[in-house]
Amino acid sequence: EKSSRSSLTSIFRWKSHGRAFCVNDTKTFANLILPGYFKHSKWSGFLRQLNLYGFKRLIRGPDAGSYYHELFLRGFSKLSRDMETTRFKVVDKTLSNPEEEPDFYSMPKIGMDHTFTNNKEKKIDVVSW
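Before going into details, it helps to say that this report is about the structure given with it. (Residues numbered from 1 in each chain as written. Predicted model: local features only at pLDDT ≥ 70, side-chain atom pairs only at ≥ 80, totals over all residues. Heavy atoms only, no water.)

1. Side note on the overall build of the protein chain
Selection criterion: Only DSSP runs of H or I with at least four residues qualify as helices, and only runs of E with at least two residues qualify as strands; both kinds are numbered from the N terminus onward. Burial classification: accessible surface area is computed with a 1.4 Å probe over protein chains only, and a residue below 20% of its type maximum counts as buried, one above 50% as exposed, and the rest as partly exposed. Residue contacts are defined here by distance: any two heavy atoms, one from each residue, within 4.5 Å place the two residues in contact. Each accessible area is a Shrake-Rupley estimate made with a 1.4 Å probe; only the visible protein chains count as cover when residues are assessed.
Helix and strand counts for the protein chain come out as two helices and six strands. Sequence-ordered secondary structure for the protein chain, helices as α and strands as β, is β-β-α-α-β-β-β-β. Taking all 129 residues of the protein chain together, 33% fall into the buried category. Long-range contacts, defined as pairs at least 24 residues apart, comprise 47% of the intrachain contacts of the protein chain with a sequence gap of at least 6. Looking at the protein chain as shown, the accessible area adds up to about 9300 Å², and 51% of this sits on carbon and sulfur atoms.

Spelled out as structure tokens, the structure:
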């Protein structure tokens, strides 16, 4: 949620659909943001954490270079409590398949017009953005 502060959006931000985020300035992100949440301030260490928690990187389309996880959604920080690390530090060396990447723009935007029950999305009282 901190990325919604206008002073931080030049460093990192949520994508408009609320299902992925991107880091625009990795050096500043590592120096200013990481030390507040991690025991390190290295971009490579942050990427390792993303991989351990199952985040995926989008490699094509308007969100190329962004990261996403089905339990990491704008406005729903409680969902991230259910995220788990992989037991072993296995690095997936296979290339991402662009054909299997989700199209977040064909899905409803994440915001106050959605609720989750048992981690499943359910639309309620849709409010136009």
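2. A few points about the packing of aromatic side chains
The condition that has to hold: Aromatic rings from Phe, Tyr and Trp, with only the six-membered ring used for Trp, were paired whenever their centres fell within 6.5 Å, and each pair was classed as stacked if the ring planes differed by under 30 degrees, edge-to-face if by over 60, and tilted otherwise.
Tallying each qualifying case throughout the model produces eleven aromatic pairs. Note on F21 and F55: the rings are 6.1 Å apart at their centroids and 80° apart in plane angle, and the pair reads as edge-to-face. One end of the pair, F21, is in strand β2 (residues 21-23); the other, F55, is in the loop between α2 (43-52) and β3 (56-57), with 34 residues separating them in the sequence. For F21, a relative accessible area of 7% translates into the label buried. Here F38 and F46 contribute two aromatic rings whose centre-to-centre distance is 5.8 Å and whose plane-to-plane angle is 75°, an arrangement assigned as edge-to-face.

3. Comments concerning the nonpolar core
What counts, and what does not: Think of a nonpolar core as a cluster: buried Ala, Val, Leu, Ile, Met, Phe, Trp, Tyr and Cys residues, connected wherever their side-chain atoms sit within 4.5 Å.
Counting 20 residues, the largest nonpolar core has F12, F21 and F29 as its most contacted members. Elements represented by at least two residues in this core include exactly β1 (12-14), β2, α1 (26-33) and α2. If you tally residues by element for this core, the top one is α1, at three residues.

4. Points about the side chain of R19
So the rule is basically this: As used in this structure description, the phrase polar contact means that two N or O atoms lie within 3.5 Å; if the pair is within protein, one of them must be able to donate a hydrogen and the other to accept it, and residues adjacent in sequence are counted only when both atoms belong to side chains.
Within the element layout of this structure, R19 appears in the loop between β1 and β2. For R19, a relative accessible area of 7% translates into the label buried. A polar contact of 2.9 Å, which involves the side chain of R19, links it to the backbone oxygen of P108.

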